[in-house]
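# Analysis of the macromolecular model
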Amino acid sequence: MTAQQIKELTEKQRKYYKSGATIPVKFRIEQLKKLYAAVKKYENEINDALHTDLGKSHYEGYMCESGLALSEISYMIRNTKKFAKRKRVHTPLAQFPSHSFKQAVPYGNTLIMSPWNYPFLLTIDPLATAISAGNTAIVKPSAYSPATSEIVKRIIEECFSEEYVAVVTGGRAENAALLEQKFDFVFFTGSQAVGKEVLRHTAEHLTPVVLELGGKSPCIVEKSANIKLAAKRIVFGKYLNCGQTCVAPDYILCERSVKDEFVLEVTKQIKLQFGENPLQNKDYGKIINKKHFNRLLGLIDVSKVVYGGEFDAESCKIAPTVMDNVTENDAVMGEEIFGPIMPILTFDSFDEIFEQLKDKDKPLALYLFSSDKKHIKRVTTELSYGGGCINDVIIHLATSEMGFGGVGESGMGSYHGKAGFDAFSHYKSVVDKKTWLDLPIRYQPYKRGLYEKLVRMFLK
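Computed from a predicted structure; not experimentally measured.

Definitions and cut-offs
- Residues numbered from 1 in each chain as written.
- Predicted model: local features only at pLDDT ≥ 70, side-chain atom pairs only at ≥ 80, totals over all residues.
- Heavy atoms only, no water.
- Helix = DSSP H or I, 4+ residues; strand = E, 2+ residues; numbered from the N terminus.
- Buried < 20%, exposed > 50% of the residue type's maximum accessible area, 1.4 Å probe, protein only.
- Contact = heavy atoms within 4.5 Å.
- Areas by Shrake-Rupley, 256 points an atom, 1.4 Å probe, with all protein chains shown as cover.
- Lys, Arg positive; Asp, Glu negative; His and termini not counted.
- Charge placed at Lys NZ, Arg CZ, Asp CG, Glu CD.
- Core = buried A, V, L, I, M, F, W, Y, C linked by side-chain atoms within 4.5 Å.
- Pairing = 2+ DSSP bridges.
- Axes fitted to C-alpha atoms, helices over the stretch in contact; angles between N-to-C directions.
- Phe/Tyr/Trp six-rings, centres within 6.5 Å; stacked < 30°, edge-to-face > 60°.
- Lys NZ or Arg CZ within 6 Å of the ring centre and 35° of its normal.

Let's shift gears to the overall build of the protein. Looking only at helices and strands, the protein features 15 helices and 18 strands. A burial count over the protein gives 53% of its 460 residues as buried. Of the contacts made within the protein by residues no fewer than 6 positions apart, 71% connect residues no fewer than 24 positions apart. Put simply, the protein shows about 21,200 Å² of open surface, and 53% of that area lies on carbon and sulfur atoms. Distance from the positive charge centre (61 side chains) to the negative charge centre (54 side chains) of the protein: 11 Å.

Judged by nonpolar contacts, the single largest core of 114 residues is most densely connected at Leu127, Ile234 and Phe262. Sequence-distant contacts of Ile234, defined by excluding residues within four places in its chain, comprise Cys219, Val221, Ile252, Phe262, Met342, Phe369 and Val393. Leu179, Phe183, Leu211 and Leu213 belong to the second-largest nonpolar core, a separate cluster that totals 17 residues.

Spatially, three strands are ordered β1-β2-β18 in an open sheet, and the strand pairing comes out antiparallel. A single partner strand is all that each edge strand has here, and the edge strands are β1 (87-89) and β18 (425-433). On average, each strand axis in the sheet is tilted by 30 degrees relative to the strand beside it, whichever way the strands run. One ladder, built from nine bridges, connects strand β2 (residues 98-106) with β18; its direction is antiparallel. When the bridges of β18 are listed, Pro106 appears paired with Ser425.

The subject of this paragraph is the packing of aromatic side chains. For the structure on display, the rule yields 16 aromatic pairs. Taking the centre distance of 4.7 Å and the plane angle of 80 degrees together, the rings of Phe187 and Tyr415 count as edge-to-face. Remark: Tyr415 occurs in the loop between β17 (411-412) and α14 (417-423) and Phe187 occurs in strand β6 (residues 185-189); sequence separation between them is 228 residues. Tyr415 carries the same exposure label as Phe187, and that label is buried. Through successive ring pairs, a cluster of aromatic residues spans Tyr107, Phe185, Phe187, Phe404, Tyr415 and Phe424. Its end group placed over the ring of Tyr118, Lys56 keeps NZ or CZ at 3.8 Å from the ring centre. Over the ring of Phe293 we find Lys290; its NZ or CZ atom is 5.6 Å from the centre of that ring.

With that out of the way, let us pick up the environment of Asp351. Its location among the elements puts Asp351 in helix α12 (residues 350-358). According to the relative accessible area criterion, Asp351 is partly exposed, its value standing at 47%. For Asp351 and Met63, which are 288 residues apart along the polypeptide, the C-alpha to C-alpha distance reads 38 Å.

What follows covers the pairing of strand β8 (residues 218-221). Here β8 shows a buried face lined by Pro218 and Ile220 and a second buried face lined by Cys219 and Val221. Inspection of the sheet shows β8 paired to strand β9 (residues 251-255) by four bridges, in the parallel sense. Looking at the pairing, Cys219 lines up with Ile252 of β9. In the sheet, β8 pairs with strand β15 (residues 365-369) via three bridges, with the strands oriented parallel. Across the sheet, the residue bridging to Cys219 is Tyr367, located in β15.

Quick look at the sheet that holds β15 now. Across the sheet, seven strands lie side by side as β10-β13-β14-β9-β8-β15-β16; this open sheet has mixed pairing. Every other strand in the sheet has two partners, leaving β10 (305-307) and β16 (387-390) as the edge strands with one partner each. Here the average twist between neighbouring strands, direction ignored, is 25 degrees. Where helix α9 (residues 227-239) meets the sheet, its contacts fall on β8, β9, β13 (321-323), β14 (341-347) and β15, and the angle it forms with β14 comes to roughly 140 degrees.

Treat this as a map of the structure, not an account of what it does.
Written out as structure tokens, the structure reads:
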């Protein structure tokens, strides 16, 4: 799509939003039901596309993408009417006689830019919340996952007119053209580097934005943890989608006294979950493309690999890999890994590692495996991070009842369920003042005495 066509599309959506067609709650729910039915209809095609792009099995495709998308859509169908209702709030006595309320209204014309690692879920999930809140939307899926982009395009074009919801495919040229347009709200999921570019462009129009970014999410394993269970759950989360998950445990901080036991259990779990030869496991995914495949190989220090390290350049597969005795100076600690490489660092003192984490960039996720209530309380109350789990990984993002998002370097804003509706809405604050009484105490000329006493009584 050319820059001129993108401009015409945004103008068409702007005109459609101004018509008021998206405002009625009944209309929004009808559109969500259309989307739900289409996702159900194309479930096999969606999972085929995910396998083509990322090597995901149908089981994983449904569990982590199409199934979660259906769950979010159905949640919004059930709750949109409630979310859209005006919320009455307390009115100060000084405003008598009146009542006050907050009214959620759509931002208007929105742009949703999605990534390649969960290309279906991270497109449809925010789209469902945008529709629920009453917006129009232009969806821009990643060029790195073309098969999934095509099925997303087919679903959206089957469900909606382009003046309401449209898909723009392509690469950097289309991204640049979209960001030159004025939107009322932009939702971006991707890397920090691109997120900064998105923020620069939206700042030109003072456009509100949600940025879902990433970073190096630590996973702390301390001596009071159930080491066997910790290894099992960490292996699942680290190597899910071949490590290409924004909230995957990026690196392990393991207490030295239990490190050897942890490494042993991790290697056992890799064999149990992926087999003796993961590269031959049909349910184990692949790296998205050669560029990222070669980048990941450059992060592996073969002298520190204690398990895995095998790869197949033809299929872009890298076996689940464990690196021990890693330090902050190693290449694997210099950037977000986003692949099936697990570096293990050790610590002797929880206080020491705790203070070190405070000095690092704020991660999208943080995980703690521990049965020590004091350590758990400190991590959950004192450290700043987007979200996380105690004694598990990743699952905090799989609920519509909690907002998901980053903080600081890992993003801004959140979504899922009510948080998503709120993200795509502006809340008007309105006072409905009655006309049958008009107290004179606020008007000039000001009168001292009784009026002043009343003002002080109202405002104390």
